[in-house]
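Below, each chain spelled out in residue letters.
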Amino acid sequence: MLLMAASSAFAFDFKTVGQPMAILYDTPSAKGNKLYVAPAGMPVQVMLSYGEWVKVRDMNGDVAWTQAKALSARRNVLVRVPGAKVFSEPSDTSPVLMTADKGVLLELVDPNAVTWVRVRHRDGLTGYIKASDIWGL
């Protein structure tokens, strides 16, 4: 029982930037320095919550603060390798539906996946991609 509690304490919490965008700051305050603007749909890893602010990390490892209300529970992932393949089934031998370049945004269909992840492209195509090829799980 203790082992399960310890492992869940280290689970990553990912959210997605909501509409229309999120301003990321160097401190948990709108008076802080603006670092950059995160586009809608961008996945971020939530590291810490502090009142109405959250400390987040992006795919590049950059850390910043944004208002919690700027984030959505909807889950997206980013392709992290060039030429990642999206398959029709969770298998290397199934037909390839598409190839995605690094940085392509995909909607996460099944957040509980481990090795193969079911994703949806904005054009509606749904398939499976290797978990090692994406960021945001």
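As a further point, take the overall build of the protein. Broken down by element type, the protein carries one helix and 14 strands. In terms of principal-axis extent, the alpha carbons of the protein reach across some 50 × 40 × 20 Å. Counted over contacts in the protein with a minimum sequence separation of 6, partners at least 24 positions apart contribute 48%. Carbon and sulfur atoms make up 54% of the accessible area of the protein, which totals about 8300 Å².

Time to look at the nonpolar core. Of all hydrophobic cores here, the largest spans 14 residues; its most connected members are Val77, Val79, Leu106, Val117, Val119 and Ile129. Looking at this core, the elements with two or more residues in it are β8 (76-79), β9 (84-87), β10 (96-100), β11 (105-108) and β12 (116-120). Apart from residues lying up to four places away in sequence, Val79 is in contact with Met59, Ala84, Ala100, Asp101, Lys102, Gly103, Val104, Leu106, Ile129, Asp133 and Ile134. Counting residues in each nonpolar core, the second largest holds twelve residues, with Ala22, Ala38, Met42 and Val56 among its members.

Estimated volume of the largest pocket: approximately 300 Å³. Lining of the largest pocket is provided by 17 residues; of these, Gly41, Arg74, Asn76, Leu105 and Arg122 occupy positions nearest its centre. When contributions to the lining of the largest pocket are tallied by element, the ones reaching two or more residues are β1 (13-17) and β11. At three residues, the largest contribution of residues to the lining of the largest pocket is made by β11. Here the residues of the lining of the largest pocket are counted per class, giving five nonpolar, eight polar and four charged.

How each quantity is defined
- Residues numbered from 1 in each chain as written.
- Predicted model: local features only at pLDDT ≥ 70, side-chain atom pairs only at ≥ 80, totals over all residues.
- Heavy atoms only, no water.
- Helix = DSSP H or I, 4+ residues; strand = E, 2+ residues; numbered from the N terminus.
- Contact = heavy atoms within 4.5 Å.
- Areas by Shrake-Rupley, 256 points an atom, 1.4 Å probe, with all protein chains shown as cover.
- Core = buried A, V, L, I, M, F, W, Y, C linked by side-chain atoms within 4.5 Å.
- Buried < 20%, exposed > 50% of the residue type's maximum accessible area, 1.4 Å probe, protein only.
- 1 Å grid on protein atoms, 1.4 Å probe; cavity = no way out; pocket = protein on both sides within 12 Å on 5 of 7 lines; lining within 4 Å.
- Points joined across faces, edges and corners; volume = space filled by probe spheres on them.
- Nonpolar A, V, L, I, M, F, W, Y, C, P; charged D, E, K, R; others polar.

Shape descriptors only; they carry no functional weight alone.
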